[in-house]
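Topology and contacts: notes
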Amino acid sequence: MKHYIVKGGNALSGEVEIAGAKNAALAILAASIMTNDTVTVENVPDVSDIRAILKTIEVIGGYVEKVDRHTFRINGSGINRDTAVDNEFVRKIRGSYYLIGSLLGKYKKASVALPGGCNIGLRPIDQHIKGFKALGASVRLASGRVDAKADRLVGSHIYMDVVSVGATINIMMAAVMAEGNTAIENAAKEPHVVDLANFLNSMGAKIKGAGTDVIRIKGVSSLHGTTYSIIPDQIEAGTFMFAAAATRGDVTIKNVIPKHLESLTAKLIEIGCQVQESDDMVRVVATKRLGRTTVKTLPYPGFPTDMQPQITVVLALSKGMSFVTESIFENRFKYVDELTKMGANIRVEGNTAIIEGVEQYTGSTLSSPDLRAGAALVIAALAADDYSEIYDVQYIERGYEDFPEKLRKIGAHIETIDTEEEKRRFMFQVG
Ligand code: UD1
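Residues numbered from 1 in each chain as written. Predicted model: local features only at pLDDT ≥ 70, side-chain atom pairs only at ≥ 80, totals over all residues. Heavy atoms only, no water.

Overview of the layout of surface pockets
Put simply, the largest pocket is a space of about 1100 Å³. Lining the largest pocket are 47 residues; nearest its centre among them are Arg123, Val165, Gly166, Ile328 and Phe329. At the level of elements, helix H1 (22-31), helix H4 (126-134), helix H5 (165-175), helix H6 (191-202), helix H7 (234-246) and helix H11 (371-383) are the ones that each hand at least two residues to the lining of the largest pocket. For the lining of the largest pocket, the element with the highest residue contribution is H1, accounting for 4 residues. The residue makeup of the lining of the largest pocket includes at least three contributed by each of domain 1 (3-19 + 232-430) and domain 2 (22-229). In terms of lining, the second largest pocket is formed by 18 residues, of which the most central are Ala246, Thr247, Arg248, Leu317 and Ala383. Elements with a minimum of two residues in the lining of the second largest pocket: H7 and H11. A breakdown of the residues in the lining of the second largest pocket according to their chemical character gives 9 nonpolar, 5 polar and 4 charged. (1 Å grid on protein atoms, 1.4 Å probe; cavity = no way out; pocket = protein on both sides within 12 Å on 5 of 7 lines; lining within 4 Å. Points joined across faces, edges and corners; volume = space filled by probe spheres on them. Helix = DSSP H or I, 4+ residues; strand = E, 2+ residues; numbered from the N terminus. Domains from an automatic or database assignment. Nonpolar A, V, L, I, M, F, W, Y, C, P; charged D, E, K, R; others polar.)

So, in structure tokens, the structure goes:
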């Protein structure tokens, strides 16, 4: 079975380029079918979640042209009001539920199979549904699909009970072509919410306030074509920042927006890393064993839940006792058992991991429970003594472009292998 083999112990050093943001791309690609004109999207990351949404757009009648590895031309004029979205691709990814908002916004009707995505806890969509209903749609959940329709969508005042990235994005898409004005209060402020708003505005939408608690939308009758470049991936960048910290390395992470990384930078400095920022890069240097801290995941600009496993891996190697509290998803500590196999001393009580730092991890055979935890286990393996093998890397490939290749460029010993022969070759090469 395809998996990664890692020989740990090398301090990572050098430069790495960050790809476009997966979660922004999922929303933007779903929104790109909201006009009948052609839309060009640049800086699209080449990861399996994105291939799945592109395939879904194609299967439902959209035209998708690959201009180069990271640029796509999309035309949604071949999709119609009665198009149902239900195929092998759509159920694989969480982001496919953005097609509910985009189809409902454009055609006032959407029928979409319910999303998959990472198994990190209950992932209700009640806030999405509340928003669609507030705009005048009737919504039915049956046989694993969402059916939403309206004669007309009318702008409304919507107060979100929880801060939800997905619901904010979905409601924004449904509202851009509603009649009149919409206000989304207690909206998510994540960079990809802002990126989607900028993209829709470049198509002629009238959205203000994205990035604050209140997003105001003035409905327009139609959207037009555009060319748009997706923001860099905050979580991919963060993953490399923490990989540098865990291996006591010196890594310059290029093509980032340092502002989006502030909560990560602050924690790295607090535990003893040096972090230098310039226009579009951050450099993380760790020269000694790092220190302890307390972390709580929160909506942006708080510490992102998608970086929780990566910081835990670093803190479990740091001096003293650290506490990591997960406040967004209830089932996000499954990887702790794997880290324990490597010698970590972590006890999970409720939604808090109590971590007593150890000096060193030992290599082990590991299984990725989900996308971000999988990347975190790779970081642990890079910091560990000896060899590790990491299975279920299909989760990692959902969101990281060329992960082993990028790590190799900064000095990691990591290879994707499938056979015993490939394993022997790797071990022979790295010694
Ligand atoms: C998105 C990201 C995911 C990230 C998460 C939080 C994508 C494709 N995924 O997921 O990587 O971890 O944001 O930053 O962009 N909730 C409700 N009702 C709802 C919707 C959400 O109660 O209708 C709750 C969830 O259970 C969770 C919290 O709100 O506890 C936040 O979830 P949300 O922000 O919606 O996450 P996703 O959009 O699913």
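Some details on the sheet that holds strand E10 (residues 157-159)
Strand order in the open sheet formed by 4 strands is E10-E11-E13-E12, with mixed pairing between adjacent strands. Bordering the open sheet on either side are E10 and strand E12 (206-208), each of which pairs with just one other strand. Going from strand to strand, the sheet's axes swing by 15 degrees on average, the running direction of each strand aside. Looking at chain direction, E12 and strand E13 (residues 214-218) are connected through 3 bridges and run antiparallel. Within the sheet, the bridge partner assigned to Lys208 lies in E13 and is Arg216. (Pairing = 2+ DSSP bridges. Axes fitted to C-alpha atoms, helices over the stretch in contact; angles between N-to-C directions.)

As for the pattern of salt bridges
Tallied over the full model, the rule gives 29 salt bridges. A salt bridge links Arg69 to Glu401; the shortest N-O distance between them is 3.7 Å. Placement of Arg69 in the loop between strand E4 (63-68) and strand E5 (71-75) and of Glu401 in the loop between helix H12 (394-397) and helix H13 (403-409) is noted, with a sequence separation of 332 residues between them. On the basis of relative accessibility, which here comes to 34%, the residue Arg69 falls in the partly exposed class. The exposure class assigned to Glu401 is buried, which follows from its relative accessible area of 6%. Between Glu338 and Lys341 there is a salt bridge, with the nearest N and O atoms lying 3.3 Å from each other. Highlighted residues: Glu338 and Lys341, both in helix H10 (residues 336-341), separated by 3 residues, approximately one helical turn. One connected set of salt bridges, linked through shared partners, spans Asp46, Arg51, Arg69, Glu401 and Asp402. (Salt bridge = Lys/Arg side-chain N within 4 Å of Asp/Glu carboxyl O. Buried < 20%, exposed > 50% of the residue type's maximum accessible area, 1.4 Å probe, protein only.)

Bear in mind that shape data such as this cannot, by itself, settle questions of function.
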